Amino acid sequence: MRQYRAICFDFDYTLGDSTDSIVAGFQYGFAKLGHPIPDRETVRGTIGYLLEDAYTLLTGDEDGDRRAQFRAYFLEVAKPRQREETTLFPGAAELLRELHSRGVRLGIVSTKSGDTIAYIMDRYGLGDCLEVILGSYDVTCHKPHPEGLLTAMERMGIPPEAFLYCGDTVLDAEAAQRAGVDFMAVLNGTTPAEDFLPWPCLYTARDLKELGEAIRPHTAQPDAALL
């Protein structure tokens, strides 16, 4: 059985829920740019995409200046709210602390701003569990491109065969495949289980408790951890 020395997670709808602040940011940005205001469920379906790509998906607008302006408007409203209002899914803190205690090296690779993720994780007392946090400003190419995962492995000095990525969207699954690493899915978001069938997904968990049960056999006990 493969033993993982490092595990990285996506953030939104994998570990945390920032829905209210993200919806508020989208609605503000769309109003400022003169677009119809998207409803909550429409916005939820784009969470996990780069902000600019989500904007284009919902509007069809590919203009670079307006894409950039949408990000700026979005952050005016969403960033301060995300830092204070984001919640973690049940079991997230316990899973990270358990894996850290076993000597597994942990990180986050997300399209959310890395400084926002770091702030949230520090607020929950989990910053010390994380070795790497890579967000939207830390890479040139975003998921499903594998740059974030490849960068995480390089920084941690971990080969692909000892690395696991966990996420909630097919963007995460494709990024893992293209990086040559194993992938497990968790159904905390809007992606149904059947959407992962075309991808080499080792396990699809209903929640983080089940994900932890799937990961546990692949990690060493604390006194035998591979550091």
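Anything mentioned here points back to the structure above.
Let us look at the structure shown here. For clarity, every value in this text was computed on a predicted model and none was experimentally measured.

Definitions and limits used
Residues numbered from 1 in each chain as written. Predicted model: local features only at pLDDT ≥ 70, side-chain atom pairs only at ≥ 80, totals over all residues. Heavy atoms only, no water. Axes fitted to C-alpha atoms, helices over the stretch in contact; angles between N-to-C directions. Helix = DSSP H or I, 4+ residues; strand = E, 2+ residues; numbered from the N terminus. Parallel < 35°, antiparallel > 145°, perpendicular 65-115°, else oblique. Left-handed = near helix turned anticlockwise from the far one by under 90°. Contact = heavy atoms within 4.5 Å. Nonpolar A, V, L, I, M, F, W, Y, C, P; charged D, E, K, R; others polar. Disulfide = S-S within 2.5 Å. Buried < 20%, exposed > 50% of the residue type's maximum accessible area, 1.4 Å probe, protein only. Pairing = 2+ DSSP bridges. Right-handed = clockwise from strand over helix to strand, strands pointing away. Salt bridge = Lys/Arg side-chain N within 4 Å of Asp/Glu carboxyl O. 1 Å grid on protein atoms, 1.4 Å probe; cavity = no way out; pocket = protein on both sides within 12 Å on 5 of 7 lines; lining within 4 Å. Points joined across faces, edges and corners; volume = space filled by probe spheres on them.

Here we look at the packing of helix H3 (residues 51-59) against helix H4 (residues 64-85)
Part 1: Close contact between H3 and H4 brings their axes to 9 Å; oriented N to C, the two are set at 110°. On the basis of the axis angle, H3 is roughly perpendicular to H4. Along this stretch, H3 crosses H4, giving a crossing that reads as right-handed. Counting all contacts with H3, which are made through Leu51, Glu52, Asp53, Tyr55 and Thr56, the residues of H4 involved are Arg66, Arg67, Phe70, Arg71 and Phe74.
Part 2: Taken together, the residues of the contact of H3 with H4 sort by class into four nonpolar, one polar and five charged.

So, the state of the cysteines
What is meant by a disulfide is a covalent connection between two cysteines, made through their sulfur atoms.
Part 1: Per the counting criterion, the structure on display carries zero disulfides.
Part 2: Not engaged in a disulfide, the cysteine Cys8 finds its nearest cysteine sulfur in Cys166; these two sulfurs lie 9.2 Å apart.
Part 3: Looking at the unpaired Cys201, the closest cysteine sulfur is the one in Cys166, lying at 9.1 Å.

A short note on the pairing of strand S6 (residues 163-167)
Part 1: The element S6 is extensively covered by neighbouring structure, given that five of its five residues are classed as buried.
Part 2: Going residue by residue along S6, you find Phe163, Tyr165 and Gly167 tucked away on one face and Leu164 and Cys166 tucked away on the opposite face as well.
Part 3: Bridge count between strand S1 (residues 6-9) and S6: four bridges; the pairing is parallel. The partner of Ala6 across the bridge, within S6, is Phe163.
Part 4: Examined bridge by bridge, S6 and strand S7 (residues 182-186) share four bridges and lie parallel to one another. Opposite Cys166, over in S7, you have Met184 as the bridge partner.
Part 5: For the crossover that starts at S6, traverses helix H8 (residues 170-179) and ends in the parallel S7, the hand is right-handed.

A short note on the pattern of salt bridges
As a working rule, side chains carrying opposite charge can pair if their charged atoms are close by.
Part 1: Tallying each qualifying case throughout the model produces 18 salt bridges.
Part 2: Note that Arg2 is salt-bridged to Asp182, the shortest N-O span being 3.2 Å. Of this pair, Arg2 sits in the segment before S1 while Asp182 sits in strand S7, and the two are 180 residues apart along the sequence.
Part 3: We classify Arg2 as partly exposed; its relative accessible area is 38%.
Part 4: For Asp182, a relative accessible area of 16% translates into the label buried.
Part 5: Ionic pairing is found between Glu98 and Arg216, a salt bridge with its closest N-O pair at 2.8 Å. Here Glu98 is found in helix H5 (residues 92-101), whereas its partner Arg216 is found in the segment after helix H9 (208-215), with 118 residues between them in sequence.
Part 6: Classification of Glu98 by relative accessible area gives partly exposed; the value is 25%.
Part 7: Arg216 sits in the partly exposed class, given a relative accessible area of 32%.
Part 8: Salt bridges linked by common partners bring Asp10, Lys143 and Asp172 together as one network.

Some thoughts on the side chain of Thr169
Part 1: With respect to the helices, strands and loops of the structure, Thr169 is situated in the loop between S6 and H8.
Part 2: On the basis of relative accessibility, which here comes to 8%, the residue Thr169 falls in the buried class.

What about the packing of H5 against H9?
Part 1: For the pair H5 and H9, interaxial distance at closest approach is 9 Å and the crossing angle is 20°. Relative to H9, H5 is oriented roughly parallel. When you trace H5 past H9, the crossing you get is left-handed. Where H5 abuts H9, its residues Ala92, Leu95 and Leu99 lie against Leu208, Leu211, Gly212 and Ile215.
Part 2: Across the contact of H5 with H9, the residue classes break down as six nonpolar, one polar and no charged.

Observations regarding empty space enclosed by the protein
Part 1: A complete count under the given rule lists three cavities of 30 Å³ or more for this structure.
Part 2: Roughly 200 Å³ of volume is contained in the largest cavity.
Part 3: Along the wall of the largest cavity there are 19 residues; nearest its centre are Asp12, Leu51, Phe74, Thr111 and Lys112.
Part 4: Of all the secondary-structure elements, those providing two or more residues to the lining of the largest cavity are helix H1 (19-32), H3 and H4.
Part 5: The biggest single contributor to the lining of the largest cavity is H4, with five residues.
Part 6: Residues belonging to the lining of the largest cavity are distributed by class as follows: eight nonpolar, seven polar and four charged.

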